[in-house]
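Observations on the model geometry
Each chain is listed here by its residues.
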Amino acid sequence: MPSSAILQSLKKLQVLGSVLYIAAHPDDENNSLLPYLAKEKMYRTAYLSLTRGDGGQNLIGPEQGIELGMIRTKELLAAREIDGAEQYFTSAYEFGFSKSMDEALQVWDRKKVLADAVWVIRNYKPDVIIARFPPDARAGHGHHSASAQIAREAFAAAADTNQFPEQLTNGVTVWQAKRLLWNTFNFGGANTISSDQFKIDVGVYNALEGKSYGELGGEARSMHKSQGEGRPRRKGEIIEYFTTIVGEAPTSNLLDGVSADWTRLGQNGASIASAIDAVIVSYNPLQPSLSLPALVKIYEQVKELSASVWRSHKLNALQQIIEAAAGLSVEAFTVSEKAVQGDSISFTCAINNRSSAIVRLENIKVFNQSYAKQVAQQLLQNKNYNYVVNMLPEVAKNQFQPYWLQQPKNSDGMFLVNDYTVLGKAWNDPTLSVQFNCTIEGVSFTITRPVMHKYVDLVKGECVQPFIIIPPYELVVKPTVVLTNVVTEKGKKNQTTPLQLTVLSNQEKKMSSSVRYTLLDQKTGKQVFEKGVDSVFNDAKMSAIVVPFESIYNPTNTSNAITANVAVTNSKGTQNYNEHLQKIVYDHIPNTHYLTQDIIKVVDEPIRIKGSKVGYIAGSGDLTEEALVQLGYRVEKITAANITPAYLAGFDAIVTGVRAYNVNAFLKDGYQMLLQYVQNGGNLIVQYNRTGTNGLTPPMAPYPFTISAGSRVTEENAEVVFSLPMHPVLQSPNKITARDFEGWIQERSTYQATAIDARYETPLSMHDKNEQPSSGSLITCGYGKGNFSYVGLALFRQLPAGVSGAYKLLANLIALPKR
């Protein structure tokens, strides 16, 4: 915390008002308003996102579903680091685009989402609640309107002792906010602002930050990189509008009628406020430590106040200021990213008093562990003190697993989270935390730091990432989608890819073990395979077996989902494992670790293919390439380095990943070579793209059409009408029927084609309830001797889910005959 930030925090100490902003997704928050509230008005500010954005598209990588939700959670936390707000969530799963509030509240457990929102309100106790959206179609998304409805219901329910009374025995009390506002807007084709609404200019400049709140908002918004939400640093006037939903309307500021100063904590509050004012007046930005004697006295005064949310919050804020004013550097770090459960670990606790403050380190303890080290060391100015800790930690199994993923989802729309100690939190507490018990200017403080992995990267410099404790063994199963009945154009059945089961040992020491693999029918629990292997892990860190799929799968008595387990037996006993560690790495957020179980999805329906060699252009991230390999094609990647007419001519078809034209600069000109390939008799299959930053459809096609974000079919079970039933894409080599659209997940189609040129053929028509039919989910045309197809159908979701109809459609698109 630099000296200017200390001064900003001192001023914020004087404000005891709070605001909670509520919406549905990561990126729904108003990124200019939040820093204005937190840093200009000095309110305690938070954003409650009902979901983690799991069901969206990923612009930067292949992660979907819960993995994308983890990325977007950390992107929200990165944004909060910039704007100074806090972040909370409910246990709702973002199941994809929804066109109605009724659908959203039906897929979600409405009562549970409401209970979660009430829990956050009762904990946080906001003076004012602001909803981002209205509870109607103007919100533009069923989740948006549902978030507005939840905000209205939670506003009242949080104050009602008859609503969710079980919460009141878990450390919270009822709470009545002063008012509920709606932050109106003019975007998405809906203008909900008017001149008679309460308004604020949030674009003002903060000299201590050296930026306006429009600039801070642009930086925070740009953390939503997985959504392609990079924004400019706006300067100048930014007017935000508000209308009152419940409560007395504000006239001068959002917290009208709220005692947003120390008087709200009783008669001692006035003396605390005076003492803080005196510190601010005398504050020396070149020597913040001169304020420490007065600050620790204020800290002691606040400690004497009765227990309350504000007492706890201000004590934490004061301690952060005191640590910063003392120039204290306090950290706990290890040179290893992970340790193994059951093994001892070593890490360093480091502290440096970089000021003339009187600081004494009394002892070091590890939170929730038995370890304690007496130190009793007076900290001399700017001297490094390092203490090595060696210990055998006792931590819960898989403690680092994100808390909302520790139990299976209990429905399509909800994570199972009933633990009040974590409910609403953005992320888990650290795996291990160290408590540095100190006295600063004679007053006792406990400074808590997480144990982190610290290392030096030769390009990035010093890096700090999370430290985790992982299971001793992991089980990896490949592939996770198995096609058992692929037939070539010559009538030959492709050999089914065998399963490979691999046990990974994370143990540092060699430990001879025996392993026993089992495969189970997920639906019935029946064992379909078992094999034991003795004396493994003597010289290697892994043990693997290959299982011919035909030996374990019988379509007459085995379901289409198989799970795996391995029992490892050694001198420590027998333990069962069925998960493996995954790691998500992006530069703009901390590394993310989680455990996942491989479930083998079996596609037993006959799938016929034509052709053998397919070119693939990677997009922003999907698993289409793996699906093509499973179908039996030889797949080669097309890049800027090899996109030449001679190279393209060797492919039976070319498939582009999702958003390929949005993320590959070489396609800006390279699309012409792709169209030349089509003219010469090739098949080009383009999965969905978005319009560019200019709002225009990227050049990709021989004839005009536009891509519309609003044209999509979100109901995964929507009826599909075969408008051109005899079209080759529906006939050969696989006969497509209504049955091929069963079992789809999340959505039918997204970013469909609209304003379609008459030269395109539209074989399919579909629509959501109460909407007009749309024919832009799949369009195709002849161009020269070949075929161009634009596919809005959500194949990128269906293929990894093992939906047989998606594989058949993809095979048919590749096999379209020359014109």
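About the criteria used
Every chain begins its residue count from 1, and numbering advances along the sequence as written. Totals for whole chains, interfaces and linings use all residues, but because this is a predicted model, local features are given only for residues with pLDDT of at least 70 and pairs of side-chain atoms are given and counted only at 80 or more. Side-chain measures were taken over the full set of non-hydrogen atoms in the model, leaving aside hydrogen atoms and water. Secondary structure elements are taken from DSSP: a helix is a run of H or I of four residues or more, a strand is a run of E of two residues or more, and numbering for both begins at the N terminus. As a reference, a globule follows 2.2 Å times the number of residues to the power 0.38, and the radius of gyration itself is taken over C-alpha atoms. Here's how the labels work: a residue is buried when its accessible area is under 20% of the maximum for its type, exposed when over 50%, partly exposed in between, all with a 1.4 Å probe on protein chains only. We call two residues contacting when some pair of their heavy atoms lies within 4.5 Å. The Shrake-Rupley method, run with a 1.4 Å probe sphere, supplies the accessible areas, and residue values consider only the shown protein chains as cover. Pairing between two strands is assigned when DSSP locates at least 2 bridges connecting them. Axes here mean lines fitted to C-alpha atoms, for a helix over just the part in contact, with angles spanning 0 to 180 degrees between N-to-C directions. By the definition adopted for this analysis, an angle is roughly parallel if under 35 degrees, roughly antiparallel if over 145, roughly perpendicular if from 65 to 115, and oblique otherwise. Each helix crossing is assigned a hand: it is left-handed if the near helix lies turned anticlockwise from the far helix by less than a right angle, otherwise right-handed if that turn is clockwise. Each nonpolar core is a collection of buried residues, namely Ala, Val, Leu, Ile, Met, Phe, Trp, Tyr and Cys, held together in the definition by side-chain atoms within 4.5 Å. What counts as a salt bridge is simple: a side-chain nitrogen of Lys or Arg found within 4 Å of a carboxyl oxygen of Asp or Glu. Expected helix span is computed as 1.5 Å times (number of residues minus one). When charges are tallied, Lys and Arg are placed among the positive residues and Asp and Glu among the negative ones, while His and the ends of the chain are skipped. Any pair of N or O atoms that falls within 3.5 Å is considered a polar contact. Within protein, one atom must be able to donate a hydrogen and the other to accept it, and sequence-neighbouring residues count only if both atoms are side-chain atoms.

Side note on the overall build of the protein chain
Looking only at helices and strands, the protein chain has 17 helices and 44 strands in total. By the compact-globule yardstick of 28 Å for 819 residues, the protein chain fits well, its C-alpha radius of gyration being 30 Å. Each of the three principal axes of the protein chain carries a C-alpha extent, and together these read 90 × 75 × 55 Å. When burial is assessed residue by residue, the protein chain has 56% of its 819 residues classed as buried. Counting contacts in the protein chain only where the partners sit at least 6 residues apart, residues at least 24 apart contribute 74% of the total. With an accessible surface of roughly 34000 Å², the protein chain has 49% of that area assigned to carbon and sulfur atoms.

Digging into the sheet that holds strand β28 (residues 542–547)
The strand order β22-β25-β28 describes an open sheet built from three strands, whose pairing is antiparallel. Only two strands of the sheet have a single partner each, and these edge strands are β22 (473–478) and β28. Each neighbouring strand pair of the sheet contributes to a mean axis angle of 15 degrees, computed without reference to strand direction.

So, the packing of helix α5 (residues 110–124) against helix α6 (residues 142–157)
Each pair of packed helices gets described by two things: the angle between the helix axes and the distance between those axes. Running from N to C, α5 and α6 cross one another at 55 degrees; their axes reach a closest spacing of 9 Å. Regarding the angle of α5 to α6, the classification is oblique. Here α5 and α6 pass one another in a crossing that is right-handed. Here α5 contributes Arg110, Val113, Leu114, Ala117, Val118, Ile121 and Arg122 to the contact with α6, which in turn contributes Gln149, Ile150, Glu153, Ala154, Phe155 and Ala157.

As for the nonpolar core
Counting 57 residues, the largest nonpolar core has Phe347, Cys349, Ile351, Leu361 and Phe436 as the members making the most contacts within it. Discounting chain neighbours no more than four positions away, the residues touching Ile351 are Leu328, Ser329, Val330, Leu361, Leu379, Lys383, Asn384, Tyr385, Tyr387 and Cys438. With 51 residues, the next largest nonpolar core counts Leu48, Leu50, Trp108 and Tyr586 among its residues.

A look at the pairing of strand β17 (residues 384–391)
A regular strand places its side chains so that they alternate between the two faces of the sheet. Covered by surrounding structure in β17 are Tyr385, Tyr387, Val389 and Met391 only, the residues Asn384, Asn386, Val388 and Asn390 on the alternate face being uncovered. Sheet topology note: the strand β14 (residues 345–353)/β17 ladder contains eight bridges and is antiparallel. Opposite Cys349, over in β17, you have Tyr387 as the bridge partner.

Notes on the pattern of salt bridges
Here the structure, examined in full by the defined rule, presents 34 salt bridges. Residue Glu761 pairs with Arg819 through a salt bridge whose shortest N-O separation is 3.3 Å. Of this pair, Glu761 sits in the loop between β41 (752–754) and β42 (764–766) while Arg819 sits in the segment after α17 (804–814), placing them 58 residues apart in sequence. Overall, the relative accessible area of 24% leaves Glu761 in the partly exposed class.

What about α6?
Taking 1.5 Å per residue as the helical rise, α6 with its 16 residues ought to reach 22 Å, and the 22 Å between its terminal C-alpha atoms agrees with that figure. Along α6, 13 of the 16 residues are buried, which leaves the element largely enclosed by surrounding structure.

A look at α5
With 15 residues, α5 should reach 21 Å at 1.5 Å per residue; the first-to-last C-alpha distance of 21 Å fits that figure. Of all 15 residues making up α5, 12 are buried, and the element is well covered by its neighbours. For α5, the set of buried residues is Lys112, Val113, Leu114, Ala115, Asp116, Ala117, Val118, Trp119, Val120, Ile121, Arg122 and Tyr124. Where α5 is buried, its residues meet β1 (18–23), β2 (44–49), β3 (86–89), β4 (128–131), α6 and α10 (309–325). At the C-terminal side of α5, Lys125 shows a positive phi close to 55 degrees.

Description of the side chain of Lys74
Locating Lys74 in the fold gives a position in helix α3 (residues 66–83). For the buried Lys74, no salt bridge is present, and the opposite-charge side chain at shortest range is Glu337, 9.8 Å distant. Looking at Lys74, its side chain comes within polar contact range of the side chain of Thr592, at 3.1 Å. Apart from residues lying up to four places away in sequence, Lys74 is in contact with Trp427, Ile589, Pro590, Asn591 and Thr592.

Some points on the side chain of Gln687
Following the sequence through the fold, Gln687 ends up in strand β38 (residues 683–687). Polar contacts involving the side chain of Gln687 include one to the main-chain carbonyl oxygen of Thr656, which spans 3.2 Å. Every residue in contact with Gln687, bar those within four places of it in the chain, is listed here: Asp622, Thr624, Val655, Thr656, Gly657, Val658, Tyr790, Val791, Leu795 and Phe796.

Things to note about the environment of Val174
Along the chain, Val174 turns up in the loop between α6 and β5 (179–184). Along the primary structure Val174 and Ile707 are separated by 533 residues, whereas in three dimensions their C-alpha atoms are 48 Å apart. When near neighbours in sequence (up to four residues on either side) are disregarded, Val174 contacts Arg122, Lys125, Ala158, Ala159, Asp160, Thr161 and Leu168.

Here's the deal with the sheet that holds β1
To summarise the sheet geometry, strands pair through backbone hydrogen bonds and adopt either a parallel or an antiparallel arrangement. Taken in spatial order, the seven strands make up an open sheet running β3-β2-β1-β4-β5-β11-β8, and their pairing is mixed. Strands at the two margins of the open sheet, each flanked by one partner only, are β3 and β8 (198–201). Across the sheet, the mean angle separating the axes of adjacent strands is 30 degrees when strand polarity is ignored. Both β5 and strand β11 (residues 239–246) contribute to a ladder of five bridges, which runs antiparallel. Its bridge partner being in β11, Leu180 is matched across the sheet by Val246.

Concerning the environment of Pro250
With respect to the element layout, Pro250 can be found in the loop between β11 and α8 (269–282). Given the relative accessible area of 8%, Pro250 is considered buried. Each C-alpha atom, one on Pro250 and one on Arg179, is 8.7 Å from the other, the two residues being 71 residues apart in sequence. Apart from the residues lying within four places of it in its own chain, the contact partners of Pro250 are Arg179, Leu181, Phe198, Thr244 and Asp256.

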